[in-house]
Amino acid sequence: MLQDKIKQLFHQQLDDWPLAKKGYQALQEVRVKTFDMGVCVFKVQYNPARAVSSLAKLDEASIRTRACFLCAQNRPIEQSSIDFKGKYDILVNPFPICDMHFTIASKIHVPQLIKGRIQDMLDLAEAMPEFIILYNGPKAGASAPDHFHFQAGNVDFFQQPVDCLKQDLVEKYVFRSTNKLVVESNFHDLYLQLQADEQEPMMNLFCQYKPDGWVLTVYPRKLHRPKQYFAEGIEKLMVSPGAIDMTGILIVAREEDFEKISKADIEDIFNQVS
Ligand SMILES: [Zn+2]
């Protein structure tokens, strides 16, 4: 089964790739604060290794001039992969948030756009049911908007089911079916409904294969980085929400932000981005 091969890859990479080993060791030491937000709980995870993503420059010029870290020729020599459908390479993410965190990169360097890829997302979810597949839109948290990729994280990392509708701080749509085509068609309808002038509606997606079928959760986004990200001095909070943050696990890469972030900040941030 593909899932067993993927887990094997994970353990192998921790043995023979020092950067990955270090990344997952550091994850053991992350600090967590919990905020009771009424109907749901929000966690804030202080994860310094994520600075690479939270602080990433995402403007077009910066993206154009850096070597793409998802292209096979630029990957670290130790990084191994597993093929999926002849279209994707499944890779261990050396800067994890989840206990087992993978990047599923397109074999070719094409922009991060979900159109025509929902089938692949559903197939991935089915092939690895202990994991949840996620997608960050090009302007909604993707750190490589120029190279198509999904991610996968172990399901038990998520503190509350991603498809739980009780989380009223964020807007989300949940589609469930035993029929892949139904999920795909539901998504397509929503996509058209949300479509603005942008290349694609800003959103984060999660897909999971459960005993009773597929579940696709869509978080529409208004904004990627809240105003606190760009503020100076005491107002500044370096938070850059991607898909995982939307589920109630806010990642901060700077200790000072972890110390000072409040419940009111969290409410304000999600009011801006969701
Ligand atoms: Zn690339």
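Above this text sits the structure in question.
I will try to describe carefully the structure that is included in this document. Computed from a prediction, not measured in an experiment: that's the story for all the values here.

### Brief notes about the pairing of strand β7 (residues 149–154)
Alright, step 1. Counting buried positions over the six residues of β7 gives six, a clear majority of the element.
Alright, step 2. Going residue by residue along β7, you find His-149, Gln-151 and Gly-153 tucked away on one face and Phe-150, Ala-152 and Asn-154 tucked away on the opposite face as well.
Alright, step 3. In this sheet, β7 lies alongside strand β5 (residues 101–106) in antiparallel orientation, the contact comprising five bridges. Following the sheet pairing, His-101 is matched in β7 by Gly-153.

### Thoughts on the coordination of the zinc ion
Alright, step 1. The protein atoms that coordinate the zinc ion are Cys-68 (SG), Cys-71 (SG), His-109 (ND1) and His-147 (ND1), at distances spanning 2.0 to 2.3 Å.
Alright, step 2. Its four donor atoms give the zinc ion angles of 99 to 121° at the centre, a pattern that matches the tetrahedral case.
Alright, step 3. Every donor residue of the zinc ion comes from the same chain, spaced as C-x2-C-x37-H-x37-H. With Cys-68 in the loop between α4 (60–65) and β3 (82–84) and His-147 in the loop between β6 (131–136) and β7, this residue pair connects regions lying 79 residues apart in the sequence.
Alright, step 4. Residue His-147 is classed as buried on the basis of its relative accessible area of 0%.

### Quick notes on the layout of surface pockets
Alright, step 1. Roughly 590 Å³ of volume is contained in the second largest pocket.
Alright, step 2. Lining the second largest pocket are 22 residues, and of these Leu-58, Glu-60, Pro-138, Lys-139 and Pro-145 sit closest to its centre.
Alright, step 3. When residues of the lining of the second largest pocket are assigned to their parent elements, the largest contribution, three residues, is made by α4.
Alright, step 4. Partitioning the lining of the second largest pocket into residue classes produces eleven nonpolar, four polar and seven charged.

### Digging into the sheet that holds strand β11 (residues 249–252)
Alright, step 1. Pairing is mixed in the open sheet, where three strands are placed in the order β1-β2-β11. The open sheet terminates on both sides in strands that have one partner only, identified here as β1 (31–36) and β11. Direction aside, the axes of adjacent strands within the sheet are offset by 20° on average.
Alright, step 2. Inspection of the sheet shows strand β2 (residues 41–46) paired to β11 by four bridges, in the parallel sense. Across the sheet, Tyr-46 pairs through a bridge with Val-252, a residue of β11.

### Here we look at the nonpolar core
Alright, step 1. Counting 43 residues, the largest nonpolar core has Ile-114 and Phe-150 as the members making the most contacts within it.
Alright, step 2. The element that contributes the greatest number of residues to this core is helix α5 (residues 118–127), accounting for six residues.
Alright, step 3. Setting aside chain neighbours within four positions, we find Phe-150 in contact with Tyr-88, Phe-102, Thr-103, Ile-104, Ile-114, Arg-117, Asp-120, Met-121, Leu-124, Ile-133, Leu-134 and Tyr-135.
Alright, step 4. Cys-98, Phe-157, Val-170 and Val-252 belong to the second largest nonpolar core, which has 32 residues in total.

### Digging into the packing of aromatic side chains
Alright, step 1. Within this structure, the stated rule accounts for 17 aromatic pairs.
Alright, step 2. Aromatic pair Tyr-229 and Phe-230: ring centres 5.0 Å apart, planes at 70°, arrangement edge-to-face.
Alright, step 3. A relative accessible area of 7% means that Tyr-229 is categorised as buried.
Alright, step 4. Looking at Phe-230, the relative accessible area reads 55%, which means it is exposed.

Quick notes on the rules
- Residues numbered from 1 in each chain as written.
- Predicted model: local features only at pLDDT ≥ 70, side-chain atom pairs only at ≥ 80, totals over all residues.
- Heavy atoms only, no water.
- Buried < 20%, exposed > 50% of the residue type's maximum accessible area, 1.4 Å probe, protein only.
- Helix = DSSP H or I, 4+ residues; strand = E, 2+ residues; numbered from the N terminus.
- Pairing = 2+ DSSP bridges.
- Donors = N, O, S within 2.8 Å, 3.2 Å for Na, K, Ca; no water.
- Tetrahedral: all angles 85-135°; square planar, octahedral: opposite > 155°, others 65-115°.
- 1 Å grid on protein atoms, 1.4 Å probe; cavity = no way out; pocket = protein on both sides within 12 Å on 5 of 7 lines; lining within 4 Å.
- Points joined across faces, edges and corners; volume = space filled by probe spheres on them.
- Nonpolar A, V, L, I, M, F, W, Y, C, P; charged D, E, K, R; others polar.
- Axes fitted to C-alpha atoms, helices over the stretch in contact; angles between N-to-C directions.
- Core = buried A, V, L, I, M, F, W, Y, C linked by side-chain atoms within 4.5 Å.
- Contact = heavy atoms within 4.5 Å.
- Phe/Tyr/Trp six-rings, centres within 6.5 Å; stacked < 30°, edge-to-face > 60°.

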